[in-house]
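Here are the chains, one letter per residue:
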Amino acid sequence: MKAALINPTEKSVKIIDYKPKKQDITLLQSLIGCDAFGGVGYTYDDQGGTIFFDDNGLYTAGVKFFSYVPDLYPMPIVGNLVILGVDVASGDSISIPKALSDDLLSGRCVVKFPSQFEVIERERQMIRMAETQ
């Protein structure tokens with residue numbers, strides 16, 4: 001299956017062949033670079049999927065590099081991202097939707113790599129928006 005791999009350290013977006021062994025999470029962990037991963041859902045062009053990320057990314061030592069895909073999720077996420085589609089009936093991961101794959105590579109679905117300060121400012125904007133509602 002196809003997956004998107006977003007690497008904020010390299011500032012790269014790639015579509016990769018993702019071939020995990022059945023019920024094996026080690027490939028996902030190695031692509032993200034973590035022991036514990038989390039995921040958030042997205043909808044793009046009426047198709048859904050999951051953005052997987054390092055669940056402990058904010059707590060690990062070192063400089064933080066963020067990925068931000070505003071068309072998929074409202075906040076930047078620390079570290080590498082793996083984006084897959086989802087089979088709604090089974091809940092299983094499937095290939096990333098073709099439209100999203102094409103749009104990530106062409107830039108129609110924008111990927112940003114904000115600094116820590118830009119991430120803090122985005123969070124402030126969202127807090128202000130929530131307070132006015």
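Here, every reference points to the structure presented above.
Residues numbered from 1 in each chain as written. Predicted model: local features only at pLDDT ≥ 70, side-chain atom pairs only at ≥ 80, totals over all residues. Heavy atoms only, no water.

**Some points on the overall build of the protein chain**
A count of helices and strands for the protein chain gives three helices and eight strands. Counting from the amino terminus, helix and strand elements in the protein chain follow one another as β-β-α-β-β-β-β-β-β-α-α. What you see for the protein chain is a C-alpha radius of gyration of 15 Å, in line with the 14 Å of a compact globule of 133 residues. By principal-axis analysis of the C-alpha atoms, the protein chain measures approximately 45 × 35 × 25 Å. (Helix = DSSP H or I, 4+ residues; strand = E, 2+ residues; numbered from the N terminus. Rg over C-alpha atoms; globule rule 2.2 N^0.38 Å.)

**Observations concerning the pairing of strand β1 (residues 2–7)**
With five of six residues buried, β1 is to be regarded as a mostly interior element. Relative to strand β2 (residues 12–17), β1 runs antiparallel, the two sharing six bridges. When the sheet's bridge partners are listed, A4 is paired in β2 with I15. A loop of four residues connects β1 with β2, the two strands running antiparallel in sequence, and K11 in this loop sits at a positive phi of about 55°. Bridging between β1 and strand β7 (residues 81–86) involves three bridges; their strand directions are antiparallel. From the neighbouring strand, A4 faces β7, where its bridge partner is I83. (Buried < 20%, exposed > 50% of the residue type's maximum accessible area, 1.4 Å probe, protein only. Pairing = 2+ DSSP bridges.)

**What about the layout of surface pockets?**
Quantified by volume, the largest pocket comes out at close to 380 Å³. Lining the largest pocket are 15 residues; nearest its centre among them are P20, K21, Q23, D24 and S93. By volume, the second largest pocket amounts to about 230 Å³. Around the second largest pocket, the lining is made up of 15 residues, and of these L58, F66, P76, I77 and V78 lie nearest the centre. Where the lining of the second largest pocket is concerned, the elements lending two or more residues are β4 (47–54), β6 (77–78) and α3 (116–132). A per-element tally of the lining of the second largest pocket places α3 first, with three residues. When its residues are assigned to classes, the lining of the second largest pocket shows eleven nonpolar, one polar and three charged. (1 Å grid on protein atoms, 1.4 Å probe; cavity = no way out; pocket = protein on both sides within 12 Å on 5 of 7 lines; lining within 4 Å. Points joined across faces, edges and corners; volume = space filled by probe spheres on them. Nonpolar A, V, L, I, M, F, W, Y, C, P; charged D, E, K, R; others polar.)

All we've got here are geometric facts, nothing functional implied.
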